[in-house]
Amino acid sequence: MSDLPGIVITGASGRMGQMLIRTVVESKGAKLVGAVERTGHDWIGQDLGVAMGGTALGVAVTDDPLDAFAKAQAVIDFTTPDATVEFAALAAQARAVHVIGTTGLEETHLEKIRLAARHAIVVRAGNMSLGVNLLVQLTKKVAAALDEDFDIEVIEAHHHHKVDAPSGTALMLGEAAAEGRGVHLADVSDSGRDGITGARKRGDIGFSAIRGGDIVGEHDVMFAGQGERIVLRHMATDRGIFARGALKAALWGQGHKPGEYDMMDVLGLS
Ligand SMILES: NC(=O)c1ccc[n+]([C@@H]2O[C@H](COP(=O)([O-])OP(=O)(O)OC[C@H]3O[C@@H](n4cnc5c(N)ncnc54)[C@H](O)[C@@H]3O)[C@@H](O)[C@H]2O)c1
Ligand SMILES: O=C(O)C1=N[C@H](C(=O)O)CCC1
């Protein structure tokens, strides 16, 4: 038995779930101890490696999250908002670090996660990649340097399966732009334009979402002025960047005090 931190992956059959499993299995710093899927999923009870079309991994897929979490030091969770809220309470009960990559969380979900983080270490970010977290810092700096003569627009593109918009990353970038400007995003956010919308309001931060094909995730922050435009861009071509960030967060969380953290804390960028 190795004493490496044990990791459980929730949403094991998902796009991110499978990428996370490969990342943990290949890691020298952690071991995979559990895999959770929703009740009724045809992977339940199967060996994870076999279900993924490869060789056996000795880990059976379960729909009993608490039993799986009890054997783990960290839970990496890229699922749905409702599932994530349930896992937040169970991870806290099992004293496991909860790494949350799930996006589309609303205030009701966030409130429950905050409650769990009173007793547990939670690391949550709408994007776990190094590149996007650097882009967040750059966005804040550029927004602080420019005044409202520059219109800020966040443009994002993702694969056609994605269910939430604006993306979690777009919201992080919008928050950073608003912070740089010294305003609250909720007061200036403009998303979902359609029809006779009227002219753009000075100071607004706009969002546009493209959905198509297999796009992993692309984000532009545009500062559009008179006679010039600045565009900050991140392009993800491989989901491995999110999985590596999430595993880094799971290991970083070991030994920290209960509370809600983000990737800026993990990467030392805050
Ligand atoms: N933060 C980041 O860096 C980042 C990166 C990529 C994706 N995401 C987010 O991660 C989430 C998942 O993305 P995806 O593309 O892997 O989606 P997906 O639909 O491929 O996978 C989600 C998985 O969760 C499972 N699931 C749903 N309810 C469950 C439950 N109650 N118990 C256990 N499993 C359950 C589903 O069966 C599915 O396998 C989305 O919110 C997405 O926006 C975040
Ligand atoms: O594939 C997804 O879904 C992604 N979701 C995150 C977001 O909402 O920003 C990160 C990029 C990929």
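Everything here concerns the structure above.
Criteria and thresholds
- Residues numbered from 1 in each chain as written.
- Chains lettered and ligands numbered in written order.
- Predicted model: local features only at pLDDT ≥ 70, side-chain atom pairs only at ≥ 80, totals over all residues.
- Heavy atoms only, no water.
- Axes fitted to C-alpha atoms, helices over the stretch in contact; angles between N-to-C directions.
- Helix = DSSP H or I, 4+ residues; strand = E, 2+ residues; numbered from the N terminus.
- Parallel < 35°, antiparallel > 145°, perpendicular 65-115°, else oblique.
- Left-handed = near helix turned anticlockwise from the far one by under 90°.
- Contact = heavy atoms within 4.5 Å.
- Nonpolar A, V, L, I, M, F, W, Y, C, P; charged D, E, K, R; others polar.
- Near = heavy atom within 4 Å.
- Polar contact = N/O pair within 3.5 Å; in protein donor to acceptor, adjacent residues only side chain to side chain.
- Areas by Shrake-Rupley, 256 points an atom, 1.4 Å probe, with all protein chains shown as cover.
- Pairing = 2+ DSSP bridges.
- Core = buried A, V, L, I, M, F, W, Y, C linked by side-chain atoms within 4.5 Å.
- Buried < 20%, exposed > 50% of the residue type's maximum accessible area, 1.4 Å probe, protein only.
- Phe/Tyr/Trp six-rings, centres within 6.5 Å; stacked < 30°, edge-to-face > 60°.
- Salt bridge = Lys/Arg side-chain N within 4 Å of Asp/Glu carboxyl O.

Draft legend 1. Spatial organisation of the packing of helix 6 (residues 130-145) against helix 7 (residues 168-181). Where helix 6 meets helix 7, the axes come as close as 7 Å, and the angle between the chain directions of the two elements is 30 degrees. Between helix 6 and helix 7, the interaxial angle falls into the category roughly parallel. Of the two possible hands of crossing, helix 6 and helix 7 adopt the one that is right-handed. For the pair formed by helix 6 and helix 7, the contact residues are Val-132, Asn-133, Leu-135, Val-136, Thr-139, Lys-140, Ala-143 and Ala-144 on the first element and Thr-169, Met-172, Leu-173, Ala-176, Ala-177, Glu-179, Gly-180 and Arg-181 on the second. Of the residues belonging to the contact of helix 6 with helix 7, the class tally is 9 nonpolar, 4 polar and 3 charged.

Draft legend 2. Spotlight on the site of ligand 1. Close to ligand 1 lie 21 residues; Met-16, Glu-37, Thr-103, Met-128 and Lys-162 are nearest. At a separation of 3.3 Å, an oxygen atom of ligand 1 approaches a polar backbone atom of Gly-14. Arg-15 is positioned such that a nitrogen or oxygen atom in its backbone is 2.9 Å from an oxygen atom of ligand 1. For ligand 1, the protein covers 82% of the area, taking 870 Å² as the surface of the free molecule. Sorting the residues of the shell around ligand 1 by element identifies helix 1 (15-26) and helix 4 (81-93) as the ones contributing at least two each.

Draft legend 3. Main features of the sheet that holds strand 7 (residues 151-158). What the 5 strands build is an open sheet, ordered 8-9-7-10-11; its pairing is mixed. With partners counted over all chains shown, the strands left at the sheet margins are strand 8 (189-191) and strand 11 (229-236), one partner each. Geometrically, the sheet is characterised by an average inter-axis angle of 15 degrees between neighbouring strands, direction not taken into account. Pairing between strand 10 (residues 217-224) and strand 11: 8 bridges, direction antiparallel. Considered in strand 11, the bridge of Phe-223 is made with Ile-230.

Draft legend 4. Molecular detail of the nonpolar core. If you look at the biggest cluster of nonpolar residues, it comprises 36 residues, and the most contacted ones within it are Ile-7, Ile-9, Leu-20, Leu-48, Ile-76, Phe-78 and Val-99. If you tally residues by element for this core, the top one is helix 9 (residues 240-252), at 6 residues. Aside from chain neighbours lying at most four places away, what touches Ile-7 is Val-24, Ala-30, Lys-31, Leu-32, Val-33, Gly-34, Ala-74, Ile-76, Leu-247 and Ala-250. Residues Leu-135, Met-172, Ala-176 and Phe-223 belong to the second largest nonpolar core, which totals 23 residues.

Draft legend 5. Molecular detail of unusual backbone geometry. Here Ala-165 and Pro-166 are connected by a cis peptide whose omega angle stands at -10 degrees. Mapped onto the fold, Pro-166 is located in the loop between strand 7 and helix 7. Look at Arg-95: it is not a glycine, yet its phi comes out positive at around 60 degrees. Mapped onto the elements, Arg-95 comes out in the loop between helix 4 and strand 5 (97-100). Judged by relative accessible area, Arg-95 falls into the exposed class, the value being 65%.

Draft legend 6. Quick look at the packing of aromatic side chains. Tallied over the entire structure, the rule returns 2 aromatic pairs. Measuring from ring centre to ring centre gives 5.7 Å for Phe-69 and Phe-87, while their planes differ by 70 degrees; the resulting arrangement is edge-to-face. Residue Phe-69 is located in helix 3 (residues 65-69), and its partner Phe-87 is located in helix 4; the two are separated by 18 residues in the primary sequence. Relative accessible area serves as the criterion here: at 6%, Phe-87 is assigned to the buried category. The interplanar angle of 75 degrees and the centroid separation of 5.0 Å between the aromatic rings of Trp-252 and Tyr-261 together place this pair among those described as edge-to-face.

Draft legend 7. Up close: the pattern of salt bridges. Under the counting rule described, the total for this entry stands at 14 salt bridges. The partner of Arg-193 in a salt bridge is Glu-153, and the shortest N-O contact between them spans 2.7 Å. Taken together, the residues Arg-193 in the loop between strand 8 and strand 9 (205-211) and Glu-153 in strand 7 connect sequence positions 40 residues apart. In the salt-bridge network here, residues are joined through shared partners; they are Asp-151, Glu-153, Asp-190, Arg-193 and Arg-200.

Draft legend 8. Molecular detail of the site of ligand 2. Near ligand 2, the surroundings consist of Thr-103, Gly-126, Asn-127, His-158, His-159, Lys-162, Ser-167, Gly-168, Thr-169, Val-216 and Phe-242. With respect to ligand 2, the backbone of Gly-126 contributes an N or O atom lying 3.5 Å from an oxygen atom. Here an oxygen atom of ligand 2 sits 2.8 Å away from a polar atom, N or O, in the main chain of Gly-168. The fraction of the free accessible surface of ligand 2 (310 Å²) that becomes covered by protein chains is 84%. Residue classes in the shell around ligand 2 are distributed as 2 nonpolar, 8 polar and 1 charged.

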